[in-house]
Amino acid sequence: MIAYGGDAIEEFEGADLDRIKALRSVQPVLWVDVTGLADIDLIQKLGEAFGLSSLSLEDVVNVHQRPKAEEFPDYIFAVVRMVRPGVGTDSEQLSLFFGANFVLSFQERPGDCFDPVRERLRRDRGRLRQQGTDFLAYTLIDAVIDGYFPVLERYGEEIDGLEDAVIATPDRRHVQRLHLIKRDMLLLRRSVWPMREMINMLIRDESPFVSSQTRLYLRDAYDHTIQLMDIVETYREISTGLTDVYLSSMSAKLNEVMKLLTVIATIFIPLTFLAGVWGMNFALMPELGWRFGYPAALSLMLVVAAALVWYFWRKGWLTEEEPPKRD
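These numbers come from a predicted model, not from an experiment.

### Here we look at the environment of Met 195
Right, so step 1: In this structure, Met 195 sits in helix H7 (residues 172–204).
Right, so step 2: Residue contacts for Met 195: discarding those within four places in its chain leaves Pro 67, Val 80, Arg 81, Val 144, Ile 145 and Tyr 148.

### A look at the nonpolar core
Right, so step 1: With 54 residues, the main nonpolar core has Trp 31 and Leu 136 as its most contacted residues.
Right, so step 2: Residue contributions to this core peak at ten residues, all from H7.
Right, so step 3: Once residues lying within four places of it in the same chain are set aside, the contact partners of Trp 31 are Met 1, Ile 2, Val 103, Ser 105, Phe 114, Val 117, Arg 118, Leu 121, Leu 136 and Leu 140.
Right, so step 4: Ile 20, Leu 46, Leu 57 and Leu 104 belong to the second-largest nonpolar core, a separate cluster that totals 23 residues.

### Some thoughts on the packing of aromatic side chains
Right, so step 1: Using the criterion set out here, one finds nine aromatic pairs in the structure.
Right, so step 2: When the ring of Phe 97 is compared with that of Phe 106, the centres are 5.9 Å apart and the planes differ by 85°; the resulting orientation is edge-to-face. Residue Phe 97 shares its accessibility class with Phe 106, and that shared class is buried.
Right, so step 3: With a centroid separation of 5.5 Å and an interplanar angle of 55°, the aromatic rings of Phe 135 and Tyr 138 are classed as tilted. Residue Phe 135 and its partner Tyr 138 are both found in helix H5 (residues 133–146); the two are separated by three residues, about one turn of the helix.
Right, so step 4: The exposure class assigned to Tyr 138 is buried, which follows from its relative accessible area of 9%.
Right, so step 5: One aromatic cluster is present, built from ring pairs that chain together Phe 72, Tyr 75, Phe 77, Phe 97 and Phe 106.
Right, so step 6: For the cation-ring pair, Arg 189 lies above Trp 193, with the distance from its terminal atom to the ring centre recorded as 5.0 Å.
Right, so step 7: The lysine or arginine in question, Arg 196, covers the ring of Trp 193, its NZ or CZ lying 4.1 Å from the ring centre.

### Concerning empty space enclosed by the protein
Right, so step 1: This model, assessed by the stated rule, comprises one cavity of 30 Å³ or more.
Right, so step 2: Estimates place the volume of the largest cavity at around 40 Å³.
Right, so step 3: Forming the walls of the largest cavity are Phe 98, Asp 134, Ala 137, Tyr 138, Ile 141, Leu 202, Val 210, Thr 214 and Leu 218.
Right, so step 4: Only H5 and helix H8 (212–278) provide two or more residues apiece to the lining of the largest cavity.
Right, so step 5: No other element matches H5, which puts four residues into the lining of the largest cavity.

### As for the pairing of strand E5 (residues 75–83)
Right, so step 1: The element E5 is extensively covered by neighbouring structure, given that nine of its nine residues are classed as buried.
Right, so step 2: Counting the residues that bridge the hairpin from strand E4 (residues 68–71) to E5 gives three residues.
Right, so step 3: Across nine bridges, E5 lies against strand E6 (residues 91–99) in antiparallel orientation. Paired with Val 80 across the bridge in E6 is Leu 94.

Here is what the cut-offs are and how they apply
- Residues numbered from 1 in each chain as written.
- Predicted model: local features only at pLDDT ≥ 70, side-chain atom pairs only at ≥ 80, totals over all residues.
- Heavy atoms only, no water.
- Helix = DSSP H or I, 4+ residues; strand = E, 2+ residues; numbered from the N terminus.
- Contact = heavy atoms within 4.5 Å.
- Core = buried A, V, L, I, M, F, W, Y, C linked by side-chain atoms within 4.5 Å.
- Buried < 20%, exposed > 50% of the residue type's maximum accessible area, 1.4 Å probe, protein only.
- Phe/Tyr/Trp six-rings, centres within 6.5 Å; stacked < 30°, edge-to-face > 60°.
- Lys NZ or Arg CZ within 6 Å of the ring centre and 35° of its normal.
- 1 Å grid on protein atoms, 1.4 Å probe; cavity = no way out; pocket = protein on both sides within 12 Å on 5 of 7 lines; lining within 4 Å.
- Points joined across faces, edges and corners; volume = space filled by probe spheres on them.
- Pairing = 2+ DSSP bridges.

Structure, rendered in structure tokens:
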């Protein structure tokens, strides 16, 4: 619990409903951050203390909600998806309630991206302590959105490495990893897309709980969600393109192998024919009684093979075509 107003700030840990009620009557802004959703009784008591609808509390407990924003007579209820710190796309539902003088946030598990917000409140940095609950709610939503950028940055670095690997040394494991990246981008898209619509609703709809000044900042958060969507879509397209590059590389490699085998088979076709002619062992064949018949047969086969190799080389079938040079 963090209660503040102007130059005063108080911070406590632990669920104490009496202290919450006392702080709410003293400080202009009260932020109650609840970690964990196992204590249903506590959540219901908090809902009764702040006048929250039972339908909203059900959405808090059912953590598979789509990001959204709903306005009630005494507060606004918003749901966003918060990515977990670290590698991957593991996310959790963050439920926000903000009204005239309170902000409630419900998280599924410990660990969040709100430490910079808490430090700004403690050290009185910026204008956060001079603003109302709507600005605090915007700051929390903006922190959630900013948490997506490091995750996408790590994916971007991995995609750059896979791009070089797919071209240099194509491997089946690269395609498997690209498939996982495309799936993760789809999960991120499902989180960011409705969150953009949620912020747009807060900007578009007139509400006594969101000031015109806070709407300006929400527009900046809206621009960040658009940027996130562009990055997600770009990474999805790159992953799909790299998969096509891998398939093309494997097809070209197979074509090279087939071309080499075809050249070898073509060279040995006339040699097999000549060996078959001399292998018939007819008594009247003049070559059978000739002293130099065997060396002559081998020499003829060597000349035919050399002629075929020279012919294939002149046609360019034994050399790879050089890529065009860039100006």
